[in-house]
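A closer look at the structure
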Amino acid sequence: KYHCVIQKIIPTNKNLKIIKHLSDYLLSIRNTHGIYEYCNSHSFKPNNIHIWSFSSAIQGFVDAYSIIKDEKLLESAVTIKKWIIKNSWNGKYFIPVLDLNGNVLDNNYYPRTNAWTIHSMTQYMQYYGIEEDLLQIVEKVYSDLSNNSFIGKEKHVWTKRLVYATRSYHWLKGKPQII
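One structure accompanies this document, and this report is about it. Every value quoted in this text rests on a predicted model; they were computed, and no experiment measured them. Residue numbers run consecutively from 1 along every chain, following the written order of its sequence. The predicted origin of the model limits local features to residues at a pLDDT of at least 70 and limits the giving and counting of side-chain atom pairs to 80 or more, whereas totals for whole chains, interfaces and linings rest on all residues. Calculation of side-chain values draws on the structure's entire complement of heavy atoms; hydrogens and water are dropped beforehand.

Regarding the packing of helix α5 (residues 111-128) against helix α6 (residues 132-147)
Here an angle of 0 to 180 degrees is reported between the N-to-C directions of two axes, which are lines fitted to C-alpha atoms, with helices fitted over the stretch in contact. Under the DSSP-based scheme used, a helix requires at least four consecutive residues in state H or I and a strand at least two consecutive residues in state E, with every element numbered from the N terminus. Look at α5 against α6: their axes get within 10 Å of each other, and the N-to-C directions meet at 145°. In this structure, the crossing between α5 and α6 has a hand that is left-handed. Together, P111, N114, A115, I118, M121, T122, Y124 and M125 of α5 and L134, L135, V138, V141, Y142 and L145 of α6 make up the contact between the two elements. Under the convention adopted here, Pro, Cys and the residues Ala, Val, Leu, Ile, Met, Phe, Trp and Tyr are nonpolar, Asp, Glu, Lys and Arg are charged, and Gly plus all remaining residues are polar. Looking at the contact of α5 with α6, its residues break down into twelve nonpolar, two polar and no charged. A crossing counts as left-handed when the near helix is turned anticlockwise from the far one by less than a right angle, and as right-handed when that turn is clockwise. We call two residues in contact whenever any of their non-hydrogen atoms come within 4.5 Å of each other.

A short note on the packing of helix α2 (residues 13-28) against helix α3 (residues 51-68)
Packed helices, taken two at a time, are described by the angle their axes make and the gap between the axes. Where α2 contacts α3, the axes come no closer than 10 Å and their chain directions differ by 130°. In terms of their interaxial angle, α2 and α3 are classed as oblique. For α2 against α3, the interelement crossing comes out left-handed. Contact with α2, carried on its side by L16, I19, K20, S23, L26 and L27, involves F61, A64, I67 and I68 of α3 and no other residues of that element. Per-class residue counts for the contact of α2 with α3 are eight nonpolar, one polar and one charged. Should an angle fall under 35 degrees it is taken as roughly parallel, and over 145 as roughly antiparallel, whereas 65 to 115 is taken as roughly perpendicular and any remaining angle as oblique.

Here we look at the pattern of salt bridges
What counts as a salt bridge is simple: a side-chain nitrogen of Lys or Arg found within 4 Å of a carboxyl oxygen of Asp or Glu. This model, assessed by the stated rule, comprises three salt bridges. Close ionic contact of K8 with D63 constitutes a salt bridge, the shortest N to O distance being 3.8 Å. Placement of the pair is K8 in helix α1 (residues 2-9) and D63 in helix α3, with a sequence separation of 55 residues. For every residue, the accessible area (1.4 Å probe, protein chains only) is compared with the maximum for its type, and the residue is labelled buried under 20%, exposed over 50%, or partly exposed between those bounds. The partly exposed category is assigned to K8, whose relative accessible area is 49%. Linking K81 and E131 is a salt bridge whose minimum nitrogen-to-oxygen distance equals 2.9 Å. You can see K81 sitting in helix α4 (residues 71-87) and its partner E131 sitting in the loop between α5 and α6, a full 50 residues away along the chain. Using a relative accessible area of 9% as the deciding quantity, one classes K81 as buried.

Focus on unusual backbone geometry
In this model, K69 sits at a positive phi of 55°, which is unusual for a non-glycine residue. On the secondary structure map, K69 appears in the loop between α3 and α4. The exposed category is assigned to K69, whose relative accessible area is 52%. Positive phi is not limited to glycine here, since S149 has a value of about 55°. The topology assignment puts S149 in the loop between α6 and α7 (160-173). Judged by relative accessible area, which is 53%, S149 ranks as exposed.

A short note on the sheet that holds strand β3 (residues 104-106)
One open sheet accounts for three strands, arranged β1-β2-β3; its pairing is antiparallel. A strand with exactly one partner marks an edge of an open sheet, and here the two such strands are β1 (48-50) and β3. Taking the axes of each pair of neighbouring strands and ignoring which way they run, one obtains an average angle of 35° across the sheet. Here the rule is simple: two strands pair whenever DSSP picks up at least two bridges between them. Here β1 runs beside strand β2 (residues 97-99); their pairing, made up of three bridges, is antiparallel. Bridge pairing in β2 places H50 opposite V97.

Shape descriptors only; they carry no functional weight alone.
Dropping the structure here:
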């Protein structure tokens, strides 16, 4: 994404090559349904799709298309958007972690997942135009985020282990609890 942003401001041949190579790489690692796993190495997070990360590919593909005009990039953005709406949207929020078949692996509500996902969806609509169904989802999620002051539990920030370690450290040091 950021290579695309800078290419629009200060175009260089070197940066253009980076955009082309990265786009080709991302297109080459999709599965037959256009899906990317969270990690290529199955020893870390096998068969998982983290929606906040997956949705960011939408922005990247749309931005890359605006520079290199490869239709496969737009097709991939559309495929990802459709997959996320079909598999992750539960009518209230985006389910944060699914497997490659769309089965739920983590059904908790995480504000950052939802914020990141609607950001990607708005980028999509900036390029493709307003889709009423998608706009309603974006407005609902934004309203819920706003009503909760954009805060809430985040898996990527505080794990149970980290909470326990932080509380123990503060207790042992006689410091005030921060969580």
